[in-house]
Amino acid sequence: MPESPENTDPLSSDGVMSDESGSVIIKPCTTAEVAFYEASVASHPNFTAHMPTFFGTLQLEEPTAPSADSTPPVHNRNTNIVLSNIAYGFTYPCVLDIKLGAQLWDEGASPEKRARLDKVSDSTTSRPLGFRVAGMKVYKGIGAVGSDPAIDATGYRVYDKHYGRVFTAGNVIEAFKEYFTSGISPEQVKLVASRLLRKVREIREVLESQESRMYSASLLFCYEGYKEAIEVALKEEERREEKEAKEQLGEDGEEEGEGEEEEEETKMVEDVKLIDFAHASWTPGQGPDENALQGVRNTERLLKDLSV
């Protein structure tokens, strides 16, 4: 297996950091985002299961005290949110960001911002499908370096936010197909797509049962882009399931030293989480978030086509 690069945050943005292990990310946040995470953890466990794990906030610098006559800032640049890293546990994570919603602005947005985001929605798949491809990163292999100038020295090809804006409702499935061009086998593509489909279906069912509004939130997908690493992860998963089955039957099944394995990094095959809650809130009495659900349902439909 090729040596894995340091790749703890495949679609990182400015200001995003990671701890030494790569298991968590630390990023600037809004007060609304922190409030949404805190409320979710406190009162919405079914939803929380589909978010990155929230570890709280971190003050990197001493905040500057506002003057007596100033308005409290919406964004505190000294406060960072600490979350689990979806790319942790993968050798070569392939990441896809799906931006949800036909309406991308919340009620607090200025007329100028509304007009700008409406233009983006109208000219992309956001309006007809309720989602657009906001970026992705696919492992092509070290052997592919030099064959395409877009492939970097670690064997990755990055597709920026403009990549997904050229697709229409009729051909956006081609972007999803491109996401699965990491070199894993056709059988593995179907397996990964079917497993992602199951998790997206679970997210859709949770959103249908909740009352929230999430503007410009995303589905963040990740799968293992190296075929041999997928096989290793599947075997490890099978061993965990066998051990759990024995424990449920009351069998000991744990050999000396086996418990130490629990602390090792779990190898992953795939995962998907809801992220980006700077413009999200819980809205009791207002019903499910159909704006976000439109995008989730259409993403579910496309994954179904790829999993058969």
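Just so you know, these numbers come straight off a predicted model, no measurement behind them.

This part takes up unusual backbone geometry. One can expect most non-glycine residues to show negative phi and most peptide bonds to be in trans. Residue serine 216 is not a glycine yet carries a positive backbone phi of 65°. Residue class for serine 216 comes out buried when judged on its relative accessible area of 18%. At aspartate 276, a residue that is not glycine, the phi angle is positive and equals roughly 70°. Within the secondary structure, aspartate 276 is located in the loop between strand S10 (270–275) and strand S11 (280–282). Among the residues examined, aspartate 276 registers a relative accessible area of 26% and is labelled partly exposed.

Chain-level statistics for the protein chain give a pLDDT mean of 88 and a share of 86% at 70 or above. In the model, residues 5–10 has pLDDT below 50 throughout and makes 18 contacts with residues more than four positions away in sequence or in other chains. Across residues 72–76, where pLDDT falls below 50, the model places 7 contacts with residues more than four positions away in sequence or in other chains.

What follows is about the pairing of strand S9 (residues 218–224). In terms of residue burial, S9 counts as a mostly covered element, since 7 of its 7 residues are buried. What you see with S9 is no split at all: Ser218, Leu220, Cys222 and Glu224 on one side and Leu219, Phe221 and Tyr223 on the other are buried throughout. In this sheet, S9 lies alongside strand S5 (residues 93–100) in antiparallel orientation, the contact comprising 7 bridges. Among the inter-strand pairings, isoleucine 98 is bridged to a residue of S9, identified as leucine 219. Alignment of S9 against S10, held across 6 bridges, turns out to be antiparallel. Looking at the pairing, tyrosine 223 lines up with glutamate 270 of S10.

Note on terminology: disulfide describes a covalent bond linking the sulfur atoms of two cysteines. As enumerated under the stated definition, the model contains 0 disulfides in all. Free cysteine: cysteine 222, not disulfide-bonded; nearest cysteine sulfur from cysteine 94 at 7.3 Å. Given the relative accessible area of 0%, cysteine 222 is considered buried.

With respect to the helices and strands, threonine 79 occurs in strand S4 (residues 75–84). On the basis of relative accessible area, threonine 79 is assigned to the buried category, the value being 11%. Apart from the residues lying within four places of it in its own chain, the contact partners of threonine 79 are Pro28, Cys29, Thr57, Leu58 and Gln59.

In a soluble, globular protein the nonpolar side chains are often hidden away together inside. Counting 62 residues, the largest nonpolar core has Phe47, Phe221 and Phe277 as the members making the most contacts within it. Among the nonpolar cores identified, the runner-up in size contains 6 residues, and Ile86, Leu220, Cys222 and Ile275 belong to it.

Together, Glu238, Glu241, Glu242, Glu244 and Glu247 make up a negatively charged patch on the protein surface. Positionally, glutamate 247 belongs in helix H7 (residues 227–248).

Evaluated as defined, the whole model comprises 18 salt bridges. One salt bridge in this structure joins glutamate 107 and arginine 114, with 3.9 Å as the shortest N-O distance. The exposed category is assigned to glutamate 107, whose relative accessible area is 55%. Judged by its relative accessible area of 24%, arginine 114 is partly exposed. Among the ionic pairs, aspartate 271 bridges to lysine 199, the shortest N-O distance being 3.4 Å. In this pair, aspartate 271 is assigned in strand S10 and lysine 199 in helix H6 (residues 186–209), connecting sequence segments 72 residues apart.

Once that is clear, we can look at the environment of serine 209. The topology assignment puts serine 209 in helix H6. Among the residues examined, serine 209 registers a relative accessible area of 52% and is labelled exposed. Separated by 162 residues in the primary sequence, serine 209 and phenylalanine 47 place their C-alpha atoms 9.5 Å from one another.

Another point: the sheet that holds S10. What the 5 strands build is an open sheet, ordered S7-S6-S5-S9-S10; its pairing is antiparallel. Of all the strands in the sheet, the pair left with one neighbour each is strand S7 (156–159) and S10. Shown here is a sheet whose adjacent strand axes are inclined to one another by a mean of 15°, direction ignored. Seen against the sheet, H6 touches S9 and S10 and runs at an angle of roughly 30° to S10.

What counts and what doesn't
Note that residues are indexed from 1 along each chain, following the sequence as it is written. In keeping with the predicted nature of the model, local features appear solely for residues at pLDDT of at least 70, side-chain atom pairs appear and are counted solely at 80 or more, and the whole-chain, interface and lining totals rest on all residues. The side-chain figures draw on all heavy atoms in the structure; neither hydrogens nor water molecules are used. Only protein chains enter the area calculation, which uses a 1.4 Å probe; residues under 20% of their type maximum are buried, those over 50% are exposed, and those in between are partly exposed. By the criteria applied, helices consist of DSSP H or I runs no shorter than four residues and strands consist of E runs no shorter than two, each listed in order from the N terminus. In predicted models, pLDDT denotes the confidence assigned by the predictor to each residue on a 0 to 100 scale. Here, residues are in contact when the closest pair of their heavy atoms is within 4.5 Å. Whether two strands pair comes down to DSSP finding at least two bridges between them. Cysteine sulfur pairs qualify as disulfides if the two atoms are within 2.5 Å. What is meant by a nonpolar core is a set of buried Ala, Val, Leu, Ile, Met, Phe, Trp, Tyr and Cys residues, joined one to another through side-chain atoms within 4.5 Å. A patch is a set of surface residues, each over 30% in relative accessible area and not in a salt bridge, joined within 9 Å for like charges and within 5 Å for the nonpolar side chains Val, Leu, Ile, Met, Phe, Trp and Tyr. Areas reported here follow the Shrake-Rupley algorithm with a probe of radius 1.4 Å; residue values treat only the protein chains shown as occluding. Take a side-chain nitrogen of Lys or Arg and a carboxyl oxygen of Asp or Glu: if they are within 4 Å of each other, that pair is a salt bridge. None of His or the chain ends enter the tally, which takes Lys and Arg as positive and Asp and Glu as negative. The atoms used to mark charge sites are NZ of Lys, CZ of Arg, CG of Asp and CD of Glu. Where helices are involved, their axes are fitted lines through C-alpha atoms of the stretch in contact, as for all axes, and angles between N-to-C directions lie from 0 to 180°.

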